[in-house]
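An overview of the molecular structure
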Amino acid sequence: MNPISIPSRKNLQVFSGRAYPELAEEIATYLGTTLTPQSAYEFANGEIFVRFEESVRGADAFVIQSCPAPINTWVMETLIMIDALKRASADRITVVLPFYPYARQDKKHRGREPISGRLISDLLRAAGAHRLMTVDLHTDQIQGFFDGPVDHLFAQRLLADHVATKYAGQDITVVAPDSGRVRVAERWADRLGGTPLAFIHKTRDPLQPNTVVTNRVVGDVEGRLCVLVDDMIDTGGTIAKATAKLFEAGASDVVIAATHGVLSDPATQRLAECGAGEIVLTNTLPIPPERMLPNTTVLSIGPLVAQAIHEVFKDGSVTSLFNQDKDDESEPALTTVPAE
């Protein structure tokens, strides 16, 4: 018997949905490759069609799709892209969702409610995704929804280092907008050198989504620069009311820092009127010019996602990206993947 052997050769290919191709192109550039060309369009009745213009057989495929509004359209397009890759014999499919859709629906608050965050994971897996990569999940438990490897990336270092550099020497208090974000605020405080913590005590009506009642500030904020941290800003109600409470409690200034700028109406108006000195976001979601305020800073998540993709491709360690010394300001070097 004379067995036939073929040398193994991995092939990285990057694919982009139509929701935010600019971010996917940036990531591909950091990787030293280009996006795989594709045809994608909608029929008259709204059905989505996707076809890749190059062979993907045996590819280590990375599908990058942010999910801004209309969120359901981009979720469906992502599923169709995964299905197309599966049927075209891609070797491994990793779906990269910088903003995980339906993340706030991660548990049942009352009877007869869905857990839509779990449903999204089930749909991705059923479509053919082998691996999930995402940034700053609303809650860590969502990692357990996906039946496969999950790479949970964190934007905290990117955001916190910006704050530490720009506001060096000032008396800073890290503030969580509610008790559920205190753990996140603790990590921020550690990154900023052990700054004091505070949080906003609030209540939320389960019958009225996007409606918050802010009660009081717990912690020392008087005369201090308050860094108000959250994972996302949707309509801006929570952040705007928390900012007002901080100023009422004597804060000298407020810096808002969040990973995902959803910015649904009337978020822009609320942020413009809340009095915050700076609003720091990342580009996990596209932020159109009309929603950019003069005091808004947008930091790129592209290098972090590109490095994570590279580690997955070469069977390296994604965790190593977050285990560096916090005093080391240099970004980990990325060995570029040569374009095919």
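Scroll up to find the structure.
Residues numbered from 1 in each chain as written. Predicted model: local features only at pLDDT ≥ 70, side-chain atom pairs only at ≥ 80, totals over all residues. Heavy atoms only, no water.

**Topic: the pattern of salt bridges**
- Throughout the structure, instances matching the rule amount to 22 salt bridges.
- The partner of K10 in a salt bridge is D315, and the shortest N-O contact between them spans 3.6 Å. Taken together, the residues span a long stretch of sequence, with K10 in the segment before β1 (12-16) and D315 in the segment after α8 (302-313) at a distance of 305 residues.
- Across the pair D230 and R181 runs a salt bridge, and its minimum N-O distance is 3.7 Å. (Salt bridge = Lys/Arg side-chain N within 4 Å of Asp/Glu carboxyl O. Helix = DSSP H or I, 4+ residues; strand = E, 2+ residues; numbered from the N terminus.)

**Some details on the sheet that holds strand β5 (residues 92-97)**
- Strand order across the open sheet formed by five strands is β1-β4-β5-β6-β7, with parallel pairing between neighbours. Of all the strands in the sheet, the pair left with one neighbour each is β1 and β7 (150-153). Adjacent strand axes in the sheet meet at a mean angle of 15° when their direction is disregarded.
- Two elements, β5 and strand β6 (residues 131-135), share four bridges in a ladder whose sense is parallel. In the strand pairing of β6, L97 is matched with T134.
- Sheet strands touched by helix α2 (residues 71-87): β1, β4 (60-64) and β5. Its angle to β5, the strand with the most contacts, is close to 165°.
- Sitting on the sheet, α8 touches β1, β4, β5, β6 and β7, and the angle it makes with β6 is about 160°. (Pairing = 2+ DSSP bridges. Axes fitted to C-alpha atoms, helices over the stretch in contact; angles between N-to-C directions. Contact = heavy atoms within 4.5 Å.)

**Things to note about the state of the cysteines**
- According to the stated counting rule, one finds zero disulfides in the structure shown.
- With no disulfide of its own, C274 lies closest to C226 among cysteine sulfurs, the gap being 13 Å. (Disulfide = S-S within 2.5 Å.)

**Focus on helix α5 (residues 182-191)**
- Taken residue by residue, α5 has A185, W188, A189 and R191 as its buried positions. End-on view of α5: buried residues confined to an arc of 160°, all on one side of the axis.
- Just downstream of α5 lies G193, where phi reads positive at about 95°. (Buried < 20%, exposed > 50% of the residue type's maximum accessible area, 1.4 Å probe, protein only. Arc of directions from axis to C-beta.)

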